[in-house]
Amino acid sequence: MTILVCGSLAFDTIMNFEGRFADQILPSQLHILNVSFLVPGLRRDYGGCAGNIAFGLRLLGAPVAPLATLGSDGAGYLERLRALGVDTTHTRLVDEHYTAQAMIMTDRDNNQITAFHPGAMSSAHLNPVPARSDIRLAIVAPDGRDAMISHAQQLKAAGIPFVFDPGQGLPMFNGEELLRFIDQATWVTVNDYEARMLCERTGLDLDALAARVKGLIVTLGDQGCEVREGGRTTHVPGLKADAVVDPTGCGDAFRAALLHGLAQGWDLARCAEAGNRMGAAKIATRGCQNYALPAMP
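The notes below deal with the structure included here. Per-chain numbering applies: the sequence of each chain, read as written, is numbered from 1 onward. Only residues with pLDDT of 70 or above have their local features reported here, since the model is predicted, and side-chain atom pairs are shown and tallied only from 80 upward, although totals for entire chains, interfaces and linings are computed over all residues. Only hydrogens and water are set aside; all other atoms, that is, all heavy atoms of the structure, feed into the side-chain values.

**A look at the overall build of the protein chain**
Filter applied, for reference: Helix and strand assignments come from DSSP, with helices taken as H or I runs of at least 4 residues and strands as E runs of at least 2, each series counted from the N terminus. Our radius of gyration looks at C-alpha atoms and nothing else; its globule reference is 2.2 Å times the residue count to the power 0.38. Burial status follows relative accessibility: with a 1.4 Å probe on protein chains alone, a residue under 20% of its type maximum counts as buried, one over 50% as exposed, and anything between as partly exposed. We call two residues in contact whenever any of their non-hydrogen atoms come within 4.5 Å of each other. Where accessible areas are quoted, they stem from the Shrake-Rupley method and a 1.4 Å probe; at the residue level, only the protein chains shown are allowed to cover. In this tally Asp and Glu are treated as negative and Lys and Arg as positive; neither His nor the chain ends contributes. For charged residues, the charge sits on one atom: NZ in Lys, CZ in Arg, CG in Asp, CD in Glu.
Each helix and strand counted, the protein chain has nine helices and 13 strands in total. Relative to its length of 297 residues, the protein chain is compact, with a C-alpha radius of gyration of 18 Å against a globular reference of 19 Å. Over its C-alpha atoms, taken along the principal directions, the protein chain stretches across nearly 50 × 45 × 40 Å. Each of the 297 residues in the protein chain was classed as buried or not, and the buried ones make up 54%. For the protein chain, the share of sequence-separated contacts (at least 6 apart) that also reach a separation of at least 24 residues comes to 68%. Surface accessibility of the protein chain: about 13,200 Å² in total, with carbon and sulfur atoms responsible for 50%. One way to put it: in the protein chain the 25 positive side-chain charges average out to a point 4 Å from where the 31 negative ones average out.

This is how it looks when you write it as structure tokens:
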């Protein structure tokens, strides 16, 4: 089984701010905000949800094909994916744009401020879900707005079960659109902040949303996650990381292990436990595509 990963490919510029954002931003002066952060640490990594998930799946030995777009500067990233054994058949080069760029600044408390330029990701909707008999599982992860809408519709029409994980793309959609995604999906995953926003925009609580899919997972950082399925809620404990080095990409590591478990036919709680382990391994290492495979449950 090849897992189709619909999502972004991007270059991540990671900056480390040694202070706290809260000490630099005055709440009473937000209407005239003008701040500058000294960032002694800076690096450029391969990133984007599709790339990070693909890396995690290859660590687990799973066949994976990103459905994603790169820009005119993306040849090196394409070679990187191929070197990992990723199927790049459906990774499209868009010459008239740069590859998407994420500029991420992290403070000493692991709070983050991100600026994102979509670039070639804005053309991702022109890259349709392929007709392949070996693709029997997919994820719709953060990507261009039109791409997320069209890929979800195409996966539903093709009868391919998929995970809907809107991540940082959730604010792009209203309640009606989010309910349409949920009704098309087989599983939904969000973090606790996104879960609150999802409930506010749809007007439904988590139990009502979970009743519309096979399973719903809410991740809770180092507290683990809650798994809702079949009218039951199960808390899956978190796993303490050896060190908190870099939180960037932890969600994608979780997504990779979740997909691997689903492809193996594991129950959802076991999939979530695997996701917790992958997330803990990632947070202890710098770089979204530079960590070792932990033991799986």
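On we go.
**Here we look at the nonpolar core**
General note: in soluble globular proteins, nonpolar side chains tend to be found buried as a group. Under the convention used in this document: Here, nonpolar core refers to any group of buried Ala, Val, Leu, Ile, Met, Phe, Trp, Tyr and Cys residues whose side-chain atoms link them within 4.5 Å.
With 43 residues, the main nonpolar core has Val5, Ile53, Leu57, Ile217, Leu258, Leu259 and Leu262 as its most contacted residues. For this core, the secondary structure elements donating two or more residues are strand 1 (2–6), helix 2 (49–59), strand 4 (64–70), helix 3 (75–83), strand 8 (135–140), strand 12 (225–229), helix 8 (250–264) and helix 9 (268–283). No other element matches the seven residues that helix 8 contributes to this core. Once you skip the residues sitting within four places of it in the chain, Val5 turns out to touch Ala50, Ile53, Leu57, Val64, Ala65, Pro66, Leu67 and Ile139. One finds Ala65, Val140, Leu198 and Val218 within the second-largest nonpolar core, a separate group that totals 33 residues.

**A look at the packing of aromatic side chains**
Condition: Each Phe, Tyr or Trp ring (for Trp, its six-membered ring) is paired with any other whose centre lies within 6.5 Å, and the angle between the two planes then decides the class: stacked below 30 degrees, edge-to-face above 60, tilted in between. Distance and angle both matter: a charge sits over a ring if NZ of Lys or CZ of Arg is within 6 Å of the ring centre and within 35 degrees of the ring normal.
All chains considered together, the criterion is met by nine aromatic pairs. Their ring planes at 40 degrees and their centres at 5.8 Å tell us that Phe11 and Tyr77 sit as a pair that is tilted. You can see Phe11 sitting in strand 2 (residues 10–16) and its partner Tyr77 sitting in helix 3, a full 66 residues away along the chain. Between the aromatic rings of Phe17 and Phe37, the centroid separation amounts to 5.0 Å while the plane-to-plane angle is 70 degrees, which identifies the pairing as edge-to-face. Taken together, the residues Phe17 in the loop between strand 2 and helix 1 (21–24) and Phe37 in the loop between helix 1 and strand 3 (41–47) connect sequence positions 20 residues apart. Each member of the pair, Phe17 as well as Phe37, is classed as buried. Taken together, the ring pairs connect Phe11, Tyr46 and Tyr77 into an aromatic cluster. Positioned over the ring face of Phe11 is Arg44, at 4.2 Å from the centre of the ring.

**Brief notes about the pattern of salt bridges**
Applicable threshold: Just to be clear on terms, a salt bridge is a Lys or Arg side-chain nitrogen sitting within 4 Å of an Asp or Glu carboxyl oxygen.
Under the counting rule described, the total for this entry stands at 14 salt bridges. Measuring nitrogen to oxygen at the nearest pair gives 2.9 Å for the salt bridge that ties Asp87 to Arg132. Pair noted here: Asp87 is in the loop between helix 3 and strand 5 (91–93) and Arg132 is in the loop between strand 7 (112–117) and strand 8, with a separation of 45 residues, a long-range link. Residue Asp87 is classed as partly exposed on the basis of its relative accessible area, which comes to 23%. Residues Arg132 and Asp134 are paired through a salt bridge, measuring 2.7 Å at the closest nitrogen-oxygen approach. One continuous salt-bridge network, built from bridges that share partners, spans Arg43, Asp45 and Asp246.

Read these as spatial facts, not as claims about activity.
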